[in-house]
Amino acid sequence: MLLEKAFPFMKWMKKYDKKDFFSDFVAWLTVAVILIPQSMAYAMIAWLPPIYWLYAWFLWVAVASLWWSSPQLATWPVALVSFLTMTSLMTIAKPESPEFIALAIMLAIIVGIIQLSMWIFKLGFIMNFISHSVVVWFSNAAAIIIATSQVPSLLWIKIEQHEEVFKTFYDIIINLVNTNIPTLIVWIIAIILILVFKKIHKLFPAALIVLIIWIITTYKFWLNDMWVSIIKDIPAWLPKFSLPTISLDNIHNMIWKWLIISIIWFMEAYAIAKSISTKTKQKLDVNQELIWQWLANITSWFLKWYPISWSFSRSAVNFSAWARTGMSSVFTVLFVWVALLFLTETLYYLPKAVLAWIVIVAVSWLINVKEFKHLYKMNRTDWIVAITTFAFAFIMKPDYAIFVWIILSLILFLYKTITPRINEISKEEKTQRFKNIEKYELKICPQIMFMKPERSLYFANAETILNKIQERVKSRKDNLKYLVIDFESINYCDVSAIDVLKVFIEDLKEINIEVYFSNVTWKIVTTIKHSELKFMSDEWRILEWKKEVIEKLFPLLDVKFCKWCPNKIFNECKNV
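This write-up is about the structure you can find in this document. For clarity, every value in this text was computed on a predicted model and none was experimentally measured.

Calculation rules
Residues numbered from 1 in each chain as written. Predicted model: local features only at pLDDT ≥ 70, side-chain atom pairs only at ≥ 80, totals over all residues. Heavy atoms only, no water. Helix = DSSP H or I, 4+ residues; strand = E, 2+ residues; numbered from the N terminus. Buried < 20%, exposed > 50% of the residue type's maximum accessible area, 1.4 Å probe, protein only. Contact = heavy atoms within 4.5 Å. Axes fitted to C-alpha atoms, helices over the stretch in contact; angles between N-to-C directions. Parallel < 35°, antiparallel > 145°, perpendicular 65-115°, else oblique. Left-handed = near helix turned anticlockwise from the far one by under 90°. Nonpolar A, V, L, I, M, F, W, Y, C, P; charged D, E, K, R; others polar. Patch = residues over 30% accessible without salt bridge, like charges linked within 9 Å, V, L, I, M, F, W, Y side chains within 5 Å. Areas by Shrake-Rupley, 256 points an atom, 1.4 Å probe, with all protein chains shown as cover. Salt bridge = Lys/Arg side-chain N within 4 Å of Asp/Glu carboxyl O. Lys, Arg positive; Asp, Glu negative; His and termini not counted. Charge placed at Lys NZ, Arg CZ, Asp CG, Glu CD. Core = buried A, V, L, I, M, F, W, Y, C linked by side-chain atoms within 4.5 Å. Pairing = 2+ DSSP bridges. Right-handed = clockwise from strand over helix to strand, strands pointing away. Disulfide = S-S within 2.5 Å.

### Some words on the overall build of the protein
Turning to step 1, where the next piece is worked out: Tallying secondary structure elements over the protein gives 28 helices and eight strands in all.
Turning to step 2, where the next piece is worked out: Within the protein, the proportion of its 576 residues that are buried is 54%.
Turning to step 3, where the next piece is worked out: Taking all contacts inside the protein whose residues are at least 6 apart in sequence as the whole, residues at least 24 apart take part in 80%.

Following this line, the structure appears as structure tokens:
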């Protein structure tokens, strides 16, 4: 049992048969046909030489796949992490330069260390603080920015790279007159071919076929002599083991960027793993996944790759192709080894415009316009946060938009807690339950008011909540004698709130209104008993149920007034 826990692949290895092998092999073939074009595209997104997609698929991905709790998960370079790698490093070093590559490698190992820390300290609960809507809209912005970054390669125009995307937009527009016509023709034909091939079948390897067609066409007709830019030399060997050298200043400048990438990585990876495990009905062990994710990234120190993560698109393909075990990933890694040794020379004549278009196609799945309308209908607050994050990704540095999201989320959260809803409730005759009087148009008792705050009381909101209740009390006529505050939605009350509550009770007592409480938790009662609020600590004032409140207070009401009251909302009213 302990051995299987340490080596989880032993569970399915015992039962591994021809059917499993066939399913895993078919899944490998399906994934392999999109492997080369899409992964090269992701390396370009990170502004790294295209060969780095191969380096990112080395030994540890095969090894780690045997330990994953979900066999359909595929670790890969992904669009969003590639994009964040690019934006994090573009101001520190020149793209594709040795220093830029060294920083990308360092980025991977630090992300791995953060993943290790998350595993050690069981930090999966962090996901509770992250809004999925913000991730969706940041992904939308990232997809547009990534696509924009490929436009110069599509048109073969030279522009200056900017951290602020709107400046890049401007440079592209003013340089459109310099578009290289042969390059433009190449990618237009590539678009037509991909669209045509996509109609054959959704799993048809359109990108790979188009890639092969253009390699052959460029080689046969020497299109590179017609000013069509090509990939050129790619090293045809395994990466050499070495340690990158980085200045301490650069490490200091990148600390917060490492944290952002780690947060985004965890959001995306968790969403992928959760969605796959929900469909397969397999138990997901996030901590187990973290062990091998951090090990795979830390190994980058020696094997020269940049941060990798679970890939949604490739995991989905793996799942749809009926991958049964981690062997499907092992087969894929073996294919990468073959590609490293024998296939890199064939990519020499690949036009950059074709690869740039494959980048755009690869990230297009991140764009989700329907989510905009859906979120607007479901939650306006989340919509405001998400659309602001989306907009700021273009106005400022894209990774700074994450900080805008954090600040805005905190502000809106504080606003919600400081200004909560306070409902006046009353008893409904049919259901005999207390409900919102405005929503259900209920009658009220002229002598007893029931108020229900929707948030816990603490130093920041206690005065605001109690002032609103006091205003509502004073708006009533002179017949009001008792106020009952329902604590059903209040599970916390700090010392500052108790002090404010004490003043509140004394103020209402001056106008001859007594305050009672219902549904108070024992923790709050304990806090009150240790305070100076002796009045509220009296058991007579704190009643467990609203029904008990009515039983206690009804005999104290003005019976003469009750006889002439037309509302009769309590059962006791009928006996007066």
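There is more to say after this.
### Structural notes on the packing of helix α20 (residues 380–395) against helix α21 (residues 400–418)
When two helices pack together, their arrangement is given by the angle between the helix axes and the distance between those axes.
Turning to step 1, where the next piece is worked out: Put simply, α20 and α21 touch, their axes get as near as 9 Å, and they point 160° apart. Judged on the interaxial angle alone, α21 and α20 are roughly antiparallel. Crossing of α20 over α21 shows right-handed handedness. On the side of α20, the interface is formed by Thr 381, Ile 384, Val 385, Thr 388, Thr 389, Phe 392 and Ala 393, while α21 contributes Ala 401, Val 404, Trp 405, Leu 408, Ser 409, Leu 412 and Lys 416.
Turning to step 2, where the next piece is worked out: When grouped by side-chain class, the residues that make up the contact of α20 with α21 number nine nonpolar, four polar and one charged.

### Remarks on the side chain of Gln 447
Turning to step 1, where the next piece is worked out: Within the element layout of this structure, Gln 447 appears in the loop between α22 (437–440) and β5 (448–453).
Turning to step 2, where the next piece is worked out: If we skip the residues at most four places from it in the chain, Gln 447 touches Asn 479, Leu 480, Lys 481, Tyr 482, Leu 557, Asp 558, Phe 561 and Cys 562.

### So, unusual backbone geometry
Turning to step 1, where the next piece is worked out: Even without being a glycine, Gln 432 presents a positive backbone phi close to 60°.
Turning to step 2, where the next piece is worked out: As for its placement among the helices and strands, Gln 432 is situated in the loop between β3 (422–427) and β4 (434–436).
Turning to step 3, where the next piece is worked out: Exposure remark for Gln 432: the relative accessible area of 33% places this residue in the partly exposed category.
Turning to step 4, where the next piece is worked out: If you check the backbone angles, Asn 512 has positive phi at about 65° while not being a glycine.
Turning to step 5, where the next piece is worked out: Take Asn 512: it is sitting in the loop between α24 (495–510) and β7 (514–518).
Turning to step 6, where the next piece is worked out: Look at Asn 512 and you get exposed, because its relative accessible area is 65%.

### Quick notes on a positive patch on the surface
Turning to step 1, where the next piece is worked out: Residues Lys 416, Arg 421, Lys 439 and Arg 455 make up a contiguous surface patch of positive charge.
Turning to step 2, where the next piece is worked out: In this structure, Lys 416 sits in helix α21.
Turning to step 3, where the next piece is worked out: The class for Lys 416 is partly exposed, based on a relative accessible area of 31%.

### Concerning the nonpolar core
Turning to step 1, where the next piece is worked out: If you look at the biggest cluster of nonpolar residues, it comprises 92 residues, and the most contacted ones within it are Ile 45, Phe 83, Leu 350 and Val 354.
Turning to step 2, where the next piece is worked out: Leave out the neighbours within four places in its chain, and Leu 350 touches Met 40, Leu 211, Ile 215, Ser 229, Ile 230, Ile 231 and Leu 355.
Turning to step 3, where the next piece is worked out: Residues Ala 497, Ile 498, Phe 517 and Ile 524 belong to the second largest nonpolar core, which totals 29 residues.

### Considerations on the pattern of salt bridges
Turning to step 1, where the next piece is worked out: Inspection of every chain in the model, using the stated rule, returns seven salt bridges.
Turning to step 2, where the next piece is worked out: Glu 424 serves as the salt-bridge partner of Arg 476, at 2.6 Å between the closest nitrogen and oxygen. Here Arg 476 is found in the loop between α23 (462–474) and β6 (482–486), whereas its partner Glu 424 is found in strand β3, with 52 residues between them in sequence.
Turning to step 3, where the next piece is worked out: Among the residues examined, Arg 476 registers a relative accessible area of 17% and is labelled buried.
Turning to step 4, where the next piece is worked out: Measuring nitrogen to oxygen at the nearest pair gives 3.7 Å for the salt bridge that ties Lys 546 to Glu 488. Taken together, the positions of Lys 546 in helix α27 (residues 546–553) and Glu 488 in the loop between β6 and α24 put the pair 58 residues apart, joining distant regions of the chain.
Turning to step 5, where the next piece is worked out: Residue Lys 546 is classed as buried on the basis of its relative accessible area, which comes to 12%.

### With respect to the pairing of β5
Turning to step 1, where the next piece is worked out: By the criterion of burial, β5 is predominantly enclosed, with six of the six residues buried.
Turning to step 2, where the next piece is worked out: Burial of β5 is two-sided: the residues Ile 448, Phe 450 and Lys 452 facing one way and the residues Met 449, Met 451 and Pro 453 facing the other way are all buried.
Turning to step 3, where the next piece is worked out: Bridge count for β3 against β5 is four bridges, and the pairing is antiparallel. Within β5, the position partnered with Asn 423 by the bridge is Lys 452.

### Looking at the pairing of β7
Turning to step 1, where the next piece is worked out: The element β7 is largely enclosed, with a buried count of four among its five residues.
Turning to step 2, where the next piece is worked out: With five bridges joining them, β6 and β7 adopt parallel strand pairing. Paired with Asp 486 across the bridge in β7 is Ser 518.
Turning to step 3, where the next piece is worked out: After leaving β6, the chain enters α24 and then returns to the sheet as β7, a path that is right-handed.

### Quick word on the sheet that holds strand β8 (residues 542–543)
Turning to step 1, where the next piece is worked out: Within the open sheet, the six strands sit side by side as β4-β3-β5-β6-β7-β8. Their pairing is mixed. Two strands close off the open sheet at either side, each with one partner strand: β4 and β8.
Turning to step 2, where the next piece is worked out: Helix-sheet contacts for α23 involve β3, β5 and β6, and the interaxial angle to β5 is about 155°.
Turning to step 3, where the next piece is worked out: Along the sheet face, α24 touches β6 and β7 and points at about 135° away from the line of β7.

### Observations regarding the environment of Asp 558
Turning to step 1, where the next piece is worked out: Secondary-structure assignment places Asp 558 in the loop between α27 and α28 (559–564).
Turning to step 2, where the next piece is worked out: Owing to a relative accessible area of 34%, Asp 558 belongs among the partly exposed residues under this scheme.
Turning to step 3, where the next piece is worked out: For the pair formed by Asp 558 and Gln 447, sequence separation is 111 residues and the distance between their alpha carbons is 8.1 Å.

### Here's the deal with the packing of α23 against α24
Turning to step 1, where the next piece is worked out: The interhelical angle for the contact between α23 and α24, taken along N-to-C directions, is 15°, at an axis separation of 9 Å. Classed by the angle they form, the pair α23 and α24 counts as roughly parallel. Classified by chirality, the crossing of α24 by α23 is right-handed. Residues Ala 462, Glu 463, Leu 466, Ile 469, Gln 470 and Val 473 of α23 lie in contact with α24, whose contacting residues are Ala 497, Val 500, Leu 501, Phe 504, Asp 507 and Leu 508.
Turning to step 2, where the next piece is worked out: When grouped by side-chain class, the residues that make up the contact of α23 with α24 number nine nonpolar, one polar and two charged.

### Topic: the state of the cysteines
Turning to step 1, where the next piece is worked out: Tallied over the full model, the rule gives zero disulfides.
Turning to step 2, where the next piece is worked out: Here Cys 562 is not cross-linked by a disulfide; its sulfur's nearest cysteine counterpart is in Cys 573, at 6.0 Å.
Turning to step 3, where the next piece is worked out: A relative accessible area of 9% places Cys 562 in the buried class.

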